[in-house]
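Structural characterization, general
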Amino acid sequence: MRTVIQNGIVHDGLHPSRPADILLEDEKIIAVGSNLSGDTCIDASGKHVLPGFIDPLCHWGVNGNGTEIRSMGDDNDEASAPVYPELNAVYAVNARALRLQQLFAFGVTCVGVSPSNKTLFGGTICAFETDGLNPYAMVVKEDTAMKASVSREVKTTFKEKGGPQTDMKIFAMLEEQLRLADAYDAGAKDTARDEKMLALRRLLKHEMPLVVTADTATDIRHVEKITAPYALDIIYVNTNDIHADDAFLAEKKRGLILPWNECDAEPRTHGTDYAAIAELAARGLTVALATGADGWQGREDLLWNAADMMKAVRNSDAVLKMLTANPAQLLGIADRKGSITTGHDGDLVIWSNDPLLTFQAEVERTLIRGRQVYQKGDAMRCYL
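Now for a description of the structure that goes with this document. Each chain has its residues counted from 1, following the order in which its sequence is written. Local features in this predicted model are restricted to residues whose pLDDT is 70 or higher, and side-chain atom pairs enter the listing and the counts only when it is 80 or higher, whereas totals over whole chains, interfaces and linings include all residues. Derived side-chain values reflect all non-hydrogen atoms in the structure, with water molecules and hydrogen atoms excluded from consideration.

**Some thoughts on the overall build of the chain**
Note the threshold: Segments assigned H or I by DSSP are reported as helices when at least four residues long, segments assigned E as strands when at least two residues long, and all are numbered from the N terminus. Only C-alpha atoms enter the radius of gyration, while the globule expectation follows 2.2 Å times N to the 0.38, with N the number of residues. Using a 1.4 Å probe on the protein chains alone, a residue whose accessible area is under 20% of its type maximum counts as buried, one over 50% counts as exposed, and one in between counts as partly exposed. The criterion used for residue contact is that any of the two residues' heavy atoms lie within 4.5 Å. Accessible areas in this description were obtained via Shrake-Rupley with a 1.4 Å probe; residue shielding takes into account the shown protein chains only. Only four residue types enter the charge count, namely Lys and Arg as positive and Asp and Glu as negative; His and the chain termini do not. A single reference atom marks each charge: NZ on Lys, CZ on Arg, CG on Asp, CD on Glu.
Tallying secondary structure elements over the chain gives 11 helices and 16 strands in all. Whereas a compact globule of 384 residues would reach a radius of gyration of roughly 21 Å, the chain reaches 21 Å, a difference of no more than 12%. Principal-axis analysis of the C-alpha atoms places the extent of the chain at approximately 65 × 45 × 40 Å. The 384 residues of the chain split such that 57% are buried. For the chain, contacts bridging at least 24 residues in sequence account for 67% of all contacts bridging at least 6. Surface accessibility of the chain: about 15700 Å² in total, with carbon and sulfur atoms responsible for 48%. Separation of charge centres in the chain, based on 40 positive and 54 negative side chains, amounts to 2 Å.

**As for the layout of surface pockets**
The gaps left among the atoms become clear once a water-sized probe is rolled over them. Short version of the rule: In this analysis, the protein atoms alone were mapped onto a 1 Å grid. Cavities are point sets where a 1.4 Å probe fits without being able to get out; pockets are open sets with protein on both sides within 12 Å along at least five of seven lines; lining residues have an atom within 4 Å of a point. Grid points are joined across faces, edges and corners, and a volume is the space filled by probe spheres set on the points. Basically, the charged four are Asp, Glu, Lys and Arg, the nonpolar ten are Ala, Val, Leu, Ile, Met, Phe, Trp, Tyr, Cys and Pro, and anything else, Gly included, counts as polar.
Taken as a whole, the largest pocket holds about 330 Å³ of empty space. Among the residues forming the lining of the largest pocket, the class breakdown is 11 nonpolar, one polar and four charged.

**Brief notes about the packing of helix H8 (residues 274-282) against helix H9 (residues 301-313)**
Test applied: Throughout, an axis means a line fitted to C-alpha atoms (over the contacting stretch in the case of helices), and angles, computed between N-to-C directions, take values from 0 to 180 degrees. Angles below 35 degrees are treated as roughly parallel, those above 145 as roughly antiparallel, those between 65 and 115 as roughly perpendicular, and all remaining angles as oblique.
Between H8 and H9, whose axes approach to 8 Å, the crossing angle comes to 75 degrees. Taken as axis vectors, H8 and H9 run roughly perpendicular relative to one another. For the pair formed by H8 and H9, the contact residues are Tyr 274, Ala 275, Ile 277 and Ala 278 on the first element and Asn 305, Asp 308, Met 309, Ala 312 and Val 313 on the second. Considered class by class, the residues forming the contact of H8 with H9 number seven nonpolar, one polar and one charged.

**Overview of the side chain of Asp 77**
Note the cut-off: As used in this structure description, the phrase polar contact means that two N or O atoms lie within 3.5 Å; if the pair is within protein, one of them must be able to donate a hydrogen and the other to accept it, and residues adjacent in sequence are counted only when both atoms belong to side chains.
Note on placement: Asp 77 falls in the loop between strand E6 (53-58) and helix H1 (95-100). A distance of 3.1 Å separates a polar atom in the side chain of Asp 77 from a polar atom in the side chain of Lys 118.

**Notes on the packing of aromatic side chains**
What counts, and what does not: Aromatic rings from Phe, Tyr and Trp, taking only the six-membered ring of Trp, are treated as a pair when their centres fall within 6.5 Å; an angle between ring planes under 30 degrees marks them as stacked, one over 60 as edge-to-face, and anything in between as tilted. Think of it as a cone above the ring: NZ of Lys or CZ of Arg counts as a charge over the ring if it is within 6 Å of the ring centre and within 35 degrees of the ring normal.
Inspection of the entire model under this criterion finds three aromatic pairs. Between Phe 53 and Trp 351 the ring centres are 5.9 Å apart and the planes differ by 35 degrees, which places this aromatic pair in the tilted class. With Phe 53 in strand E6 and Trp 351 in strand E14 (residues 348-351), the pair connects residues that are 298 residues apart, well separated along the chain. One exposure class covers both Phe 53 and Trp 351, and it is buried. These aromatic residues form a ring-pair network of at least three members: Trp 260, Trp 304 and Phe 359. Sitting over the ring of Phe 158, Lys 161 keeps its end group 5.5 Å from the ring centre.

**A short note on helix H6 (residues 217-227)**
Among the residues of H6, Ala 217, Asp 219, Ile 220, Val 223, Glu 224, Ile 226 and Thr 227 are the ones counted as buried. Buried residues in H6 make contact with helix H4 (167-183), strand E10 (210-213), strand E11 (234-237) and helix H7 (248-251).

**Here we look at the side chain of Thr 291**
Mapped onto the fold, Thr 291 is located in the loop between strand E13 (286-289) and H9. According to the relative accessible area criterion, Thr 291 is buried, its value standing at 2%. Separated by 2.6 Å, the side chains of Thr 291 and Asp 55 make a polar contact.

**As for the nonpolar core**
Counted only if it meets this: Put simply, a nonpolar core is a bunch of buried Ala, Val, Leu, Ile, Met, Phe, Trp, Tyr and Cys residues held in one set by side-chain atoms that sit within 4.5 Å of each other.
Residues Phe 121 and Phe 128 are the most contacted members of the largest nonpolar core, which totals 82 residues. Broken down by element, this core gets its largest block of residues, six residues, from H4.

**Structural notes on H8**
For an α-helix the count is 3.6 residues per turn, leaving residues at separations of three or four pointing the same way. Listed as buried for H8 are Tyr 274, Ala 276, Ile 277, Ala 278 and Leu 280. Taken together, the buried residues of H8 touch H7, strand E12 (255-258), E13 and H9.

**Considerations on the pairing of E14**
Test applied: Whether two strands pair depends on DSSP finding at least two bridges between them.
On E14, burial covers both faces: Leu 348 and Ile 350 on one face and Val 349 and Trp 351 on the other are all buried. The sheet contact formed by strand E5 (residues 48-51) and E14 spans four bridges and is antiparallel. Each bridged residue has a counterpart across the sheet, and for Pro 51 the counterpart in E14 is Leu 348. Two elements, E14 and strand E15 (residues 363-368), share four bridges in a ladder whose sense is antiparallel. Among the inter-strand pairings, Val 349 is bridged to a residue of E15, identified as Thr 366.

**Observations concerning unusual backbone geometry**
Despite not being glycine, Glu 27 has its phi angle at roughly 75 degrees, a positive value. Within the element layout of this structure, Glu 27 appears in the loop between strand E2 (18-25) and strand E3 (28-33). Positioned with a positive phi, Asn 35 is a non-glycine residue whose angle comes to about 55 degrees. Tracing the backbone through its elements, the reader meets Asn 35 in the loop between E3 and strand E4 (40-43). Asn 35 sits in the exposed class, given a relative accessible area of 75%.

This is how it looks when you write it as structure tokens:
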């Protein structure tokens, strides 16, 4: 069965927006062009067609108090010890809980579900589509990245548990764990199997990037110093303390996940210098916008974050990349997600207008892998 979306204004952030038809077959985009035809037709005249948004770092779908609706940071929040790199966020997600949030009604078709910020090494991030009941049918990629944190949460979590309580200890532990992993030889005689070391060695072998939540640019510099001998691929989660003079982030082609939080009391997100981050992005920093990386988040937060970035960039194509192609790149799923490209999954959202130019834009229809999962007027069940 071939489905064609006709007469829409196509945006993907990689090319200038243009009128085009999109032809879908077997879950994939098979053509983008003019005068395309299919077995069924979706008329997008006067509408705007965008790739589905990707929220690269979140807690959507994680169980909370048995409700299976609101994400409370429970099952991705193993804080019995500060080092758990062997854990996998695929086991934290309840597919029904993720689906009930109806993120697809807000244009979000894929999420990176992450361990929390409470441990130095918390495990690996997993990318999921936002519709379905079987989590393994929704998985786009497991082990997209290793999640680490050198933030204040580590100190507060272990204050009464005998764990790290100062920056000195946190960074000493980071250095120690990488050194031990580098020296670990699983094939050596009489070497006991160590799941933590095996997991960390995947970083050293460049099988996945390291995603690090850091409170300040100084923390980021500490991480750079400690990881330099291993030349790790690093993505930072930080907002308010990155400025134009942090040019090393662009020079090293680092990634940055930019959470958004409307609460002025949140120090890691308050006072974000969007203009500086936009300047660094133009120089090589890969920036992806996210909802709140901690605790509660709203489904509209991606667009609020984008609106703040638009004030600095004033280029909707550049900002759209931060919602689509860039997060796909950071999650290692850019071969399938994040752009309207032949051969990619048919994750498409038809908007009444360009959502980066007006908050009056509404989602008219959402497709994930070519299958319609939402149409304007469908009942909304959850209001987080």
